[in-house]
Amino acid sequence: MLADTRPRVATPDVPAEPTGLGAAEAAARLAAEGPNSVARPRRRHLATRVLRQLADPLVALLLAAAVVTGVLGDWPDTAVIALVVLVNTAIGVVQEVRADRAIAALDQLAAPTARVVRDGADLIVPASVVVRGDLVRVEAGDVVPADLRLERASRLHLDESALTGESVPVSRDVGEEVAAGTVVTVGRGAGTVVRTGAASALGRISALVSATRPGATPMQRRLAGLGRLLGLLAVGLSALVFGIGVLGGRPVVDMAITAVSLVVAAVPESLPAVVTLALALGARRMATARAIPRRLHAVETLGSVTVIASDKTGTLTEGRMAVQRAVTADGAGYEVTGSGYEPRGTVRREGGAVGVPDGLRRLARAGLLCNDAALAPPTGERPGWAAVGDPLEAALVAFAARCGLDPALTRAAWPRVAEHPFDQANRRMTTVHRSCDGRWLVVCKGAPENVLAAPLLDADDGEIAALTARAHHLAGAGLRVLAVAAALVDTVPDPAAPTGLRPVGLVAVGDPLRAGAAEIARRFDAAGVRLLLVTGDHPATATAIGGQLGLWRHGDPVVRGDDGDVTGAHPAARVYARTQPEQKLDIIAGLQAQGHVVAMTGDGVNDAPALRRADIGWRWAAARRWPARPPTWCWSTTTCPRSPPRSARGGAATTTSAASCATPSPAGSPRSR
């Protein structure tokens, strides 16, 4: 064969398309390392549930009395005692079964399928067969199936709130890691799997939950102590009577029967029945409030709580982004109200509702046009409005609607002809739109320090300084601030390097407090229950929410988890920020060591260990952005109140949830692949 002597043309180096693992290698790794799944809790059998109920000290004493009365031939007493034990056990077992049916396993957060590259081809495989070394592709709406190290990323933003408590989607770039169970809100990416199953971020939290054992409730401790005391007194006094009788010359058999009869008589066989009946009635009342106690003793614990540790995102707050403040170019400030992403609300200034001025309308229009998100109306499966795309941008769409603009008509009137998408280097996005008069509208939005600067902005130093100061003030209140600039030009500009724009204003976006949460926090204080805010979010955001709840004032301590040990924190601290799941567990254990009866509530995966360790813990029966039916977990003694049960403390009726207790609507559901 002749050699090819044709001149070769040099070509630029183009990265080869990755081929991923081979099918044989993937199968071998799956066999060696196991499936990519969170360990399921062991299923409790009926016999285990029954034995758990019979392990109560008073019930054990009743069983012993039943055996003795049966041996003595006292069948009526034996039947009564057996009936009491049977009813008590049946009610307890039925309650546990009902509650367990309402509890979703931790792996409900896991992606059902994943898109992997194997042998050079894209495949859709079950998430459980993803192995270390697989190349996984993700895009908007996908749940990350395992811990990945990003190889490619294009405008990739993820909702990490369930794992970290961050209320705002986080941008990730090439070389960074993304955690299993997080949700892609915007963009796309590809990454190599570095950890699966129990070694992943989701798996580590699952292991922490499994290793955490809930303690006995206050009533269980008191009843156990009463049972031991009654048993010792009954046996001691009966032995004394037996000894005195034998020493007095009475027959040993008669005195033995008398002593056993005294033991049986001393056992309050009706006490377990009365306690069970009272707790069952309480559980029924809680069920009418859509709160399902996992164990009956949780009903009493609810009234003994002295401290409530509450998560922030989705519990005290709505778990949905919304524009809360706006500042126009002339320096006028406005407050915007509304529920979730619903395109209705009011604009306020100085405490009163006002009409929408032209400057605010221009700001809302610019934020709507320089935007890729949309709003999805309610459906039969989703009762509220939802974000389609980046939640931050969806908040701008809702803001425009609350300012009287129709998003669809506005976008149709100003069609987009060019754009430069958001990137981490410039931290801004620019779009170009055709005007009806033949000119071009250039809109840029992004971080204030990147937008409020020359040569992009054509404004005097005083105007820029004033807006920059307002931006710093809003950021100090725990809000995410965006600056917006725009200009009408005669020719189509380069959207990658816009110049000569005029400032339009600032928008401050945040996760708003639930309606009524501040009033409920006040009622907790009045009832003598100490409410703590424990979140993984930024300290500025935590203190802003704490201030709105009345938990924090300027100068009060804030405990930061990233500073180290949280257990030795200031005893008066009521706001904890940047906390990890292990630190939330330490906070609960430290409070219990001080003698407090601690309740924990939250709706994130990172709350699960603390929920299980607390004396009483509940989890919201709704989530924000998950692919299927929202998970309804609850560890420890109760599960999933969707609205507040009430408990009497010191004669005052107080709600048992730190939030408004209306079930939060999902803010969008990523598609199942």
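So, how was this worked out
- Residues numbered from 1 in each chain as written.
- Predicted model: local features only at pLDDT ≥ 70, side-chain atom pairs only at ≥ 80, totals over all residues.
- Heavy atoms only, no water.
- Helix = DSSP H or I, 4+ residues; strand = E, 2+ residues; numbered from the N terminus.
- Buried < 20%, exposed > 50% of the residue type's maximum accessible area, 1.4 Å probe, protein only.
- Contact = heavy atoms within 4.5 Å.
- Areas by Shrake-Rupley, 256 points an atom, 1.4 Å probe, with all protein chains shown as cover.
- Pairing = 2+ DSSP bridges.
- pLDDT = per-residue confidence, 0-100.
- Axes fitted to C-alpha atoms, helices over the stretch in contact; angles between N-to-C directions.
- Left-handed = near helix turned anticlockwise from the far one by under 90°.
- Patch = residues over 30% accessible without salt bridge, like charges linked within 9 Å, V, L, I, M, F, W, Y side chains within 5 Å.
- Salt bridge = Lys/Arg side-chain N within 4 Å of Asp/Glu carboxyl O.

Trainee: Can you break down the overall build of the chain residue by residue, with the values?
Mentor: On a plain count of helices and strands, the chain comes out with 20 helices and 28 strands. Out of the 673 residues in the chain, the part that is buried amounts to 51%. Contacts spanning at least 24 positions in sequence make up 68% of the contacts within the chain whose residues lie at least 6 apart. Surface accessibility of the chain: about 29700 Å² in total, with carbon and sulfur atoms responsible for 58%.

Trainee: Go over the sheet that holds strand β16 (residues 416-420) with me, naming the residues and quoting the values.
Mentor: Picture the strands of a sheet paired through backbone hydrogen bonds; they go either parallel or antiparallel. Taken together, nine strands build an open sheet; the order of strands is β13-β12-β11-β10-β20-β19-β18-β17-β16 and the sheet is antiparallel. Sheet topology places β13 (352-353) and β16 at the edges, where each strand pairs with a single neighbour.

Trainee: Help me get a handle on the confidence of the model for the chain, residues and values and all.
Mentor: Predicted confidence across the chain gives a mean pLDDT of 80, with 83% of residues reaching 70 or more. Of all the helices and strands in the chain, strand β28 (residues 652-655) carries the lowest mean pLDDT, 29, while helix α12 (residues 358-369) carries the highest, 96. The low-confidence segment residues 1-14, where pLDDT is below 50, has zero contacts with residues more than four positions distant or belonging to other chains. For the stretch residues 621-673, pLDDT sits under 50, and the model shows 216 contacts to residues farther than four places along the chain or on other chains.

Trainee: Describe unusual backbone geometry, and please don't skip the residues or the numbers.
Mentor: A cis amide bond links A454 with the next residue in sequence, P455, at an omega value of 5°. For P455, the location among the structural elements is in the loop between α15 (448-451) and α16 (461-476). Its identity is not glycine, yet R427 carries a phi of approximately 55°, on the positive side. As for its placement among the helices and strands, R427 is situated in the loop between β16 and β17 (428-434). In this structure, R578 is a non-glycine residue whose phi angle is positive, near 55°.

Trainee: Any chance you could break down the packing of α12 against helix α13 (residues 391-402) for me, citing the residues and the numbers?
Mentor: Relative to each other, α12 and α13 sit at 145°, their axes nearing to 8 Å. You can see that α12 and α13 cross each other, and the crossing is left-handed. Facing L360, L363, A364, G367 and L368 of α12, the residues of α13 in contact are L396, V397, F399 and A400.

Trainee: Give a detailed account of a nonpolar patch on the surface, specifying residues and quantitative values.
Mentor: A contiguous nonpolar surface patch, about 490 Å² in accessible area, is contributed by L229, L233, L237, L240 and I244. Checked against the element boundaries, L229 lands in helix α7 (residues 218-247).

Trainee: With reference to specific residues and values, describe the pattern of salt bridges.
Mentor: Tallied over the full model, the rule gives 25 salt bridges. In this structure, R439 and D437 form a salt bridge, with 3.3 Å as the shortest nitrogen-oxygen distance. For R439, a relative accessible area of 32% puts it in the partly exposed group. As a salt-bridge pair, D525 and R574 come within 3.1 Å of each other at their nearest N and O atoms. Taken together, the residues span a long stretch of sequence, with D525 in helix α17 (residues 517-526) and R574 in the loop between β22 (559-560) and β23 (575-577) at a distance of 49 residues.

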